Amino acid sequence: QVQLVESGGGLVQPGGSLRLSCAASGFTSGFTFSSYDMRWYRRAPGKERELVAGITSGIIGRMYADSVKGRFAISRANAKNTVYLQMNSLKREATAVYYCNALRFSEDYWGQGTQVTVSS
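All values reported here derive from a predicted model rather than from experimental measurement. (Residues numbered from 1 in each chain as written. Predicted model: local features only at pLDDT ≥ 70, side-chain atom pairs only at ≥ 80, totals over all residues. Heavy atoms only, no water.)

1. A short note on the environment of Ser 29
Applied cut-off: Secondary structure elements are taken from DSSP: a helix is a run of H or I of four residues or more, a strand is a run of E of two residues or more, and numbering for both begins at the N terminus. Exposure is judged per residue with a 1.4 Å probe applied to protein chains only, and the accessible area is read against the type maximum: over 50% gives exposed, under 20% gives buried, and values in between give partly exposed.
Tracing the backbone through its elements, the reader meets Ser 29 in the loop between strand E3 (18-25) and strand E4 (37-43). Residue Ser 29 is classed as partly exposed on the basis of its relative accessible area, which comes to 48%. Linking Ser 29 and Val 5, residues 24 residues apart in sequence, is a C-alpha distance of 19 Å.

Structure follows, in structure tokens:
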């Protein structure tokens, strides 16, 4: 089974930046990291899970939630089995647990999450 481990979260002041990383392993089904679409979700206190950004498995395509467009950037390094989320100009509304997700058809894997807190 695929395992995902997020890192890079922490406390940051409004307007600051963080880069989240998600390291993937356990591709034992014959598929590799490059076969999966990768996504970042977040869950803020009292709110539903929200899709923040995604990046495709083949020819690279990216999507972002309207709330983060122009400030966040998702990327992947297939040779490292890692997906990143660069977060700039952070707002207090970005405070949440951020989760990495790997998706391939019906396959759906999640990490444990990393806490991001934006506060002065």
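Structure's up, so let's keep going.
2. Description of the sheet that holds E3
For clarity, the cut-off: In this scheme, strands are said to pair when DSSP sees at least two bridges between them. For helices, the fitted axis covers only the stretch in contact; all axes are lines through C-alpha atoms, and the angles between them, taken along N-to-C directions, range from 0 to 180 degrees.
Across the sheet, which stays open at both edges, the four strands sit in the order E1-E3-E8-E7 with antiparallel pairing between neighbours. The strands lining the two open edges of the sheet, one partner per strand, are strand E1 (3-7) and strand E7 (72-77). The mean inter-strand angle of the sheet, taken between neighbouring strand axes irrespective of direction, is 15°. Pairing of E3 with strand E8 (residues 82-87) involves six bridges; the strand directions are antiparallel.

3. Looking at the pairing of strand E5 (residues 50-55)
Here E4 pairs with E5 via five bridges, running antiparallel. Across the sheet, the residue bridging to Arg 42 is Glu 50, located in E5. What sits between E4 and E5 in their antiparallel hairpin is a turn of six residues, with Gly 46 showing a positive phi close to 75°. Taken together, the three bridges between E5 and strand E6 (residues 62-64) define a ladder with antiparallel strand orientation. Among the inter-strand pairings, Gly 54 is bridged to a residue of E6, identified as Met 63.

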